[in-house]
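Secondary and tertiary structure notes
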Amino acid sequence: MVERKRVLLAEPRGYCAGVDRAVETVERALDKHGAPVYVRKEIVHNRHVVDTLTERGAIFVGETDEVPEGALVVFSAHGVSPEVHRTAAQRSLKTIDATCPLVTKVHQEAKRFARDDYDILLIGHEGHEEVEGTAGEAPEHIQLVDGPDHVGDVEVRDESKVIWLSQTTLSVDETMETVRRLRERFPQLSDPPSDDICYATQNRQVAVKAMAPQCDLVIVVGSQNSSNSVRLVEVALQNGAAASYLVDYAREIDPAWLEGVTTVGVTSGASVPEVLVRGVIDFLADYDFDTVETVTTAEETLTFALPRELRPARTAK
């Protein structure tokens, strides 16, 4: 008997509330002010989103000094340091801050514990924009811990005043392993007031964990510079998937990956529009993977208000 080919489709997947807000921020800014609208760094880490907004008139720059004086610049969902705000003000730039509110929460925690003179151990990936923004809130108090293998490098002034915070898009399991090793070294290590890894990152990892044991292959739709998308590939492999690959578009799928495969899992990172997932489903259907079963592990209803500069004006009563 020929085994039926099927697709397991993870739910939740794709856009989170912070990404939805950030992308809409640039779209609304273009509607309101016209092109060009400058954006510092990629608004979210997805090639398709950046290309689409570029076509509409967004200009993506590395730093604020590339923006003409007095122009409008949007700060990305990953957040920026106080220094970036200062340099923007010096150039008289009009700014709209599209930082995800969950990243802003980590910034507030960093400032609070720095005021209380804690050593702050920030778990995250060196060079990631979110880490640079958070560390910039209190550089004299924050040390970066880039995974479990870097715990031995940490030095603190007072072991009774140490707290860990984290980048919002990390692997939950790897972060907890880093915390475990930190606590072995510093038994009085304090936890953040609330979970720093964002709900969407966690939910997408849980969904992949649920379907991975049944999958010969897991395809994650997302860009290489998307931390949460890269983590989904790792989570799939760690939880039973025989193979897993990250693709931006369906056309990047190698048909050789499908040889001997009967169950393909599909998911997408938190900065990925659903149209790209649909492209993958259609591609797989051409190879007789025409049965799609949804694996649902959570329902997401959270939304965030747009930055105040783009909210509709209130009419007087």
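The rules behind the values
- Residues numbered from 1 in each chain as written.
- Predicted model: local features only at pLDDT ≥ 70, side-chain atom pairs only at ≥ 80, totals over all residues.
- Heavy atoms only, no water.
- Patch = residues over 30% accessible without salt bridge, like charges linked within 9 Å, V, L, I, M, F, W, Y side chains within 5 Å.
- Areas by Shrake-Rupley, 256 points an atom, 1.4 Å probe, with all protein chains shown as cover.
- Salt bridge = Lys/Arg side-chain N within 4 Å of Asp/Glu carboxyl O.
- Lys, Arg positive; Asp, Glu negative; His and termini not counted.
- Charge placed at Lys NZ, Arg CZ, Asp CG, Glu CD.
- Helix = DSSP H or I, 4+ residues; strand = E, 2+ residues; numbered from the N terminus.
- Phe/Tyr/Trp six-rings, centres within 6.5 Å; stacked < 30°, edge-to-face > 60°.
- Buried < 20%, exposed > 50% of the residue type's maximum accessible area, 1.4 Å probe, protein only.
- Pairing = 2+ DSSP bridges.
- Axes fitted to C-alpha atoms, helices over the stretch in contact; angles between N-to-C directions.
- Contact = heavy atoms within 4.5 Å.
- Parallel < 35°, antiparallel > 145°, perpendicular 65-115°, else oblique.
- Nonpolar A, V, L, I, M, F, W, Y, C, P; charged D, E, K, R; others polar.
- 1 Å grid on protein atoms, 1.4 Å probe; cavity = no way out; pocket = protein on both sides within 12 Å on 5 of 7 lines; lining within 4 Å.
- Points joined across faces, edges and corners; volume = space filled by probe spheres on them.
- Left-handed = near helix turned anticlockwise from the far one by under 90°.
- Polar contact = N/O pair within 3.5 Å; in protein donor to acceptor, adjacent residues only side chain to side chain.
- Right-handed = clockwise from strand over helix to strand, strands pointing away.
- Core = buried A, V, L, I, M, F, W, Y, C linked by side-chain atoms within 4.5 Å.

Once that is clear, we can look at a negative patch on the surface. Where like charges cluster on the molecular surface, the negative patch consists of Asp282, Asp286, Asp288 and Asp290. Structurally, Asp282 is set in helix α9 (residues 274-285).

The final tally for this structure, using the stated rule, is three aromatic pairs. Considering the side-chain rings of Phe113 and Tyr118, the 5.3 Å spacing of their centres and the 80° angle between planes classify their relative orientation as edge-to-face. With a relative accessible area of 7%, Phe113 lands in the buried category.

This part covers the sheet that holds strand β6 (residues 119-123). Spatial strand order, β7-β6-β8: three strands in an open sheet with parallel pairing. The outermost strands of the open sheet, each flanked by one partner alone, are β7 (142-145) and β8 (162-166). Sheet twist, expressed as the mean angle between neighbouring strand axes with direction ignored, is 30°. Helix α4 (residues 101-115) contacts β6, β7 and β8 of the sheet and is inclined by roughly 165° relative to β8.

Glycine aside, the phi torsion of most residues is negative, and most peptide linkages are trans. Look at the link from Glu11 to Pro12: it is a cis peptide, with omega at 10°. As for its placement among the helices and strands, Pro12 is situated in the loop between β1 (6-11) and α1 (17-33). In this structure, the amide linkage connecting Ala35 to the following residue, Pro36, adopts the cis form with an omega of 0°. Relative to the assigned elements, Pro36 resides in the loop between α1 and β2 (37-40).

Considering all chains together, one arrives at 24 salt bridges under this definition. A network of salt bridges, in which partner residues are shared, links Asp149, Glu177, Arg180, Arg181 and Glu184.

What follows deals with the packing of α1 against helix α2 (residues 47-56). Running from amino to carboxyl end, α1 crosses α2 at an angle of 5°, the nearest separation of the two axes being 11 Å. Classified by the angle their axes make, α1 and α2 are roughly parallel. Here Val23, Val26, Glu27, Leu30 and Asp31 of α1 lie close against α2, whose contacting residues are Val49, Leu53 and Arg56. Along the lines of polarity and charge, the residues of the contact of α1 with α2 split into five nonpolar, no polar and three charged.

Here we come to empty space enclosed by the protein. Taken as a whole, this structure holds one cavity of 30 Å³ or more when the rule is applied. There is about 240 Å³ of room inside the largest cavity. Surrounding the largest cavity, 22 residues form its lining, Cys16, Val19, His78, Thr169 and Asn228 being those nearest its centre. Mapped onto the lining of the largest cavity, the elements with two or more residues apiece are α1, α4, α7 (199-211) and α8 (227-238).

Moving on: the layout of surface pockets. Size it by volume and the largest pocket reaches roughly 190 Å³. Lining of the largest pocket is provided by 14 residues; of these, Asp97, Thr99, Thr104, His107 and Gln108 occupy positions nearest its centre. At the level of secondary structure, the elements contributing two or more residues to the lining of the largest pocket comprise α3 (82-90) and α4. Per element, the largest residue contribution to the lining of the largest pocket is five residues, and it comes from α4. The residue makeup of the lining of the largest pocket, split by class, is three nonpolar, seven polar and four charged.

Glancing now at the packing of α7 against α8. Put simply, α7 and α8 touch, their axes get as near as 9 Å, and they point 25° apart. Judged on the interaxial angle alone, α8 and α7 are roughly parallel. At the point where α7 passes α8, the crossing takes the right-handed sense. In contact with Thr201, Arg204, Gln205, Val208 and Lys209 of α7, α8 contributes Asn228, Arg231, Leu232, Val235 and Ala236. Tallied by class, the residues present in the contact of α7 with α8 amount to four nonpolar, three polar and three charged.

This part covers the side chain of Arg40. Considering the arrangement of structural elements, one finds Arg40 in strand β2. Looking at Arg40, the relative accessible area reads 9%, which means it is buried. Of note is the side chain of Arg40, whose polar atom sits 3.0 Å from the side chain of Glu63. Filtering out sequence-adjacent residues up to four positions away, Arg40 remains in contact with Val61, Gly62, Glu63, Thr64, Val73, Val74, Phe75, Ser76, Val80 and Val84.

Once that is clear, we can look at the pairing of strand β5 (residues 94-97). Relative to β5, strand β4 (residues 72-75) is paired through four bridges, and the arrangement is parallel. Note that in β5 the partner of Val74 across the bridge is Ile96. You can see the chain leave β4, run along α3 and come back into β5, and the turn it takes is right-handed.

It is worth spelling out the nonpolar core at this point. The biggest cluster of nonpolar side chains holds 26 residues, and the ones touching the most others in it are Val26, Ile43, Val44 and Val74. When residues of this core are traced back to their parent elements, those giving at least two are α1, β2, α2, β4 and α4. Here this core takes six residues from α1, the largest share from any one element. Not counting chain neighbours up to four residues away, the residues in contact with Ile43 comprise Ala22, Val23, Val26, Val49, Leu53, Phe60, Val74, Phe75, Ser76, Ala77, His78 and Ala98. By size, the runner-up hydrophobic cluster in this structure holds 22 residues, among which are Ala243, Tyr249, Ile281 and Phe289.

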